[in-house]
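# Structural overview
Each chain, letter by letter, is given below.
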Amino acid sequence: MDKLLENHQFATHAIAASASVSLGTALAYPLDTIKTIIQVGSGPSKKLTPSQVVNRVFRVSGGYSGLYSGLGWLTLGRISGVGARFGVYEILTAFYKDGRHGNYVQVSEAVLAGMVGGAAETVMTSPFELIKVRQQVTAASRATQATTVVETAPVVSPMITKLLRRYTLDMKSLTQTVSLLSVLNHKHPNMAAALQEYPWMMTGTGNPPSAMDVKRPLDVASLEGWRALWRNLRSGLIRDCLYGGVFFGTWQFLHEAMISWKAVGMNPLPSSEEEVGPLSPVALSIAAGFSGAIAAAASHSFDTARTRAQCVILPKYIAKERKFLKWNKPGKRLERWTGIHPTDRTLLFRGIGTRMARSSVASTVIVGSYYLAVDLLVPK
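Cut-offs used in this document
- Residues numbered from 1 in each chain as written.
- Predicted model: local features only at pLDDT ≥ 70, side-chain atom pairs only at ≥ 80, totals over all residues.
- Heavy atoms only, no water.
- Helix = DSSP H or I, 4+ residues; strand = E, 2+ residues; numbered from the N terminus.
- Buried < 20%, exposed > 50% of the residue type's maximum accessible area, 1.4 Å probe, protein only.
- Contact = heavy atoms within 4.5 Å.
- Areas by Shrake-Rupley, 256 points an atom, 1.4 Å probe, with all protein chains shown as cover.
- Polar contact = N/O pair within 3.5 Å; in protein donor to acceptor, adjacent residues only side chain to side chain.
- Phe/Tyr/Trp six-rings, centres within 6.5 Å; stacked < 30°, edge-to-face > 60°.
- Salt bridge = Lys/Arg side-chain N within 4 Å of Asp/Glu carboxyl O.
- Patch = residues over 30% accessible without salt bridge, like charges linked within 9 Å, V, L, I, M, F, W, Y side chains within 5 Å.
- Lys, Arg positive; Asp, Glu negative; His and termini not counted.
- Charge placed at Lys NZ, Arg CZ, Asp CG, Glu CD.
- Axes fitted to C-alpha atoms, helices over the stretch in contact; angles between N-to-C directions.
- Parallel < 35°, antiparallel > 145°, perpendicular 65-115°, else oblique.
- Nonpolar A, V, L, I, M, F, W, Y, C, P; charged D, E, K, R; others polar.
- pLDDT = per-residue confidence, 0-100.
- Core = buried A, V, L, I, M, F, W, Y, C linked by side-chain atoms within 4.5 Å.

## A closer look at the overall build of the protein chain
Secondary structure assignment for the protein chain yields 15 helices and zero strands. Counting every position in the protein chain, which comprises 380 residues, the buried fraction comes to 44%. Considering only contacts within the protein chain whose residues lie at least 6 apart along the sequence, 81% involve residues at least 24 apart. Approximately 20600 Å² of the protein chain is accessible, and the part contributed by carbon and sulfur atoms is 64%.

Structure follows, in structure tokens:
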């Protein structure tokens, strides 16, 4: 391990990879924000367009900054996630190439290695992705004007403070709930104060808080538990396994086609890819961009299901109730197994064009800038 850390070439590759991932994530992030808001804000009879999303973000956030809300969290997750995806892929393909003449990888082997790499990426990036999605939704959502609680409740309920710090109770909603319950016979002298002691009434309406109120890691852990950071992990695994398999399979196919095209006219004909020579960073980046767009289209339905599920707030007390009542998830068996909610059946392909563009731009920039940096920094 010490020899690996002292190897300047390894450090150069690591720095080039981190910088390229950061650059690709930053350039494609506005498209990712538009994609997320289209997926979350759409309904069966409500279709959002990219221009509508941009206009709404500008009105709520006051400028371009809203399109970059949550960029830091995604960058941290992508550096570790993309590193895990390519690292696992390189390890598995090195195992495949061991002992072969020509040092080549078949397309089917690239697909399998890419699927395993995608699974590793999901586990690494899930916590960062959940925080990123909720911050993006906040950038396009108007905060409710919560009334002050000076007259009726000078001190916030300890139950609310324990579950969600810095949360302000909407007294208008609580007053409306109390007025609805006032027609019933009750013996408690202060029903509003009594209702605040129940976690189910922390918002005053009986509904859980919105995603805007639970967008920090500590808030997520306090209200929903640490396991919520990996919410709907199964659909994420299927999404990234499909993405990784299609991406690396398509990229390997295009790589073989470009190698064969470059070998045309060479005399004598090369017996291996190493004799053909390396491809240009431009060709590799274009192939990566095309592969990323195809992989995004193949996995988009599961991305929509996961994104919408990450915006659902499920407090610990509701999760415990469901466990005691042996609550069954709605939908067919395949939908329950893949994490797709039955009400999202008609929404699974919303924003597919934006996600394909985002994936294509990110893949092109990441691969192209990485190979360009390696060619400039690594001595030959």
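## Regarding the environment of Gly-63
Here Gly-63 is to be found in the loop between helix H3 (50-61) and helix H4 (71-97). Using a relative accessible area of 16% as the deciding quantity, one classes Gly-63 as buried. Apart from the residues lying within four places of it in its own chain, the contact partners of Gly-63 are Val-57 and Phe-58.

## Here's the deal with the side chain of Asp-344
On the secondary structure map, Asp-344 appears in the loop between helix H14 (333-338) and helix H15 (352-377). Engagement of the side chain of Asp-344 in a polar contact is seen with the side chain of Arg-308, the distance being 3.0 Å.

## Brief notes about the side chain of Glu-335
Mapping Glu-335 onto the fold places it in helix H14. Since its relative accessible area comes to 12%, Glu-335 is described here as buried. At 2.6 Å, the side chain of Glu-335 and the side chain of Arg-345 are in polar contact.

## Description of the packing of aromatic side chains
Aromatic rings considered in pairs are described by the distance between their centres and by the relative angle of their planes. Evaluation of the coordinates by the stated rule reveals 13 aromatic pairs. Both rings, one in Phe-95 and one in Tyr-96, keep their centres 6.3 Å apart while their planes meet at 55°; by these two values the pair is tilted. Accessibility expressed as a relative area gives 62% for Phe-95, which makes it exposed. The exposure class of Tyr-96 is partly exposed, given its relative accessible area of 21%. An angle of 75° between the planes, with centres 5.5 Å apart, marks the rings of Tyr-370 and Tyr-371 as edge-to-face. Residue class for Tyr-370 comes out partly exposed when judged on its relative accessible area of 22%. Residue class for Tyr-371 comes out partly exposed when judged on its relative accessible area of 30%.

## Describing the pattern of salt bridges
In total, this model carries 16 salt bridges according to the counting rule given. Here Arg-78 makes a salt bridge to Glu-121, at a shortest N to O gap of 3.8 Å. One end of the pair, Arg-78, is in helix H4; the other, Glu-121, is in helix H5 (residues 107-139), and 43 residues separate them in sequence. For Glu-121, a relative accessible area of 6% gives the class buried. Linking Arg-355 and Asp-303 is a salt bridge whose minimum nitrogen-to-oxygen distance equals 3.6 Å. Residue Arg-355 is located in helix H15, and its partner Asp-303 is located in helix H12 (residues 281-310); the two are separated by 52 residues in the primary sequence. You'll find Arg-355 and Asp-303 in the same group, each marked buried. Connected through salt bridges with shared partners, the residues Asp-32, Lys-35, Glu-129, Lys-132, Arg-239, Asp-240, Asp-303, Arg-306, Arg-355 and Arg-358 form a single ionic network.

## Let's talk about a nonpolar patch on the surface
Taken together, the side chains of Leu-23, Leu-27 and Val-361 make up a nonpolar region of the molecular surface, amounting to roughly 240 Å² of accessible area. Mapped onto the fold, Val-361 is located in helix H15. You can call Val-361 partly exposed: its relative accessible area is 32%.

## What to know about a positive patch on the surface
A contiguous patch of positive charge on the surface is contributed by Lys-46, Arg-56, Arg-59 and Arg-142. Checked against the element boundaries, Arg-56 lands in helix H3. Taking relative accessible area as the criterion, Arg-56 reaches 31% and is therefore assigned partly exposed.

## Looking at the packing of H4 against H5
The geometry of H4 relative to H5 is characterised by a closest axis approach of 8 Å and an angle of 170° between their N-to-C directions. Regarding the angle of H4 to H5, the classification is roughly antiparallel. Across the contact of H4 with H5, the residue classes tally to 17 nonpolar, nine polar and five charged.

## A look at the confidence of the model for the protein chain
Residues of the protein chain with pLDDT of at least 70 account for 79%, and the chain-wide mean is 84. Long-range and interchain partners of residues 145-155, a stretch whose pLDDT sits below 50, account for 13 contacts in this model, where long-range means more than four residues apart.

## Regarding the nonpolar core
Within the largest apolar cluster, 18 residues are counted, with the highest numbers of intra-cluster contacts made by Phe-247, Phe-248 and Trp-251. Looking at this core, the elements that each hand over two or more residues are H5, helix H10 (233-263) and H12. Here this core gets six residues from one element, more than from any other, and that element is H10. Among the nonpolar cores identified, the runner-up in size contains nine residues, and Leu-164, Ala-228, Leu-229 and Ile-313 belong to it.

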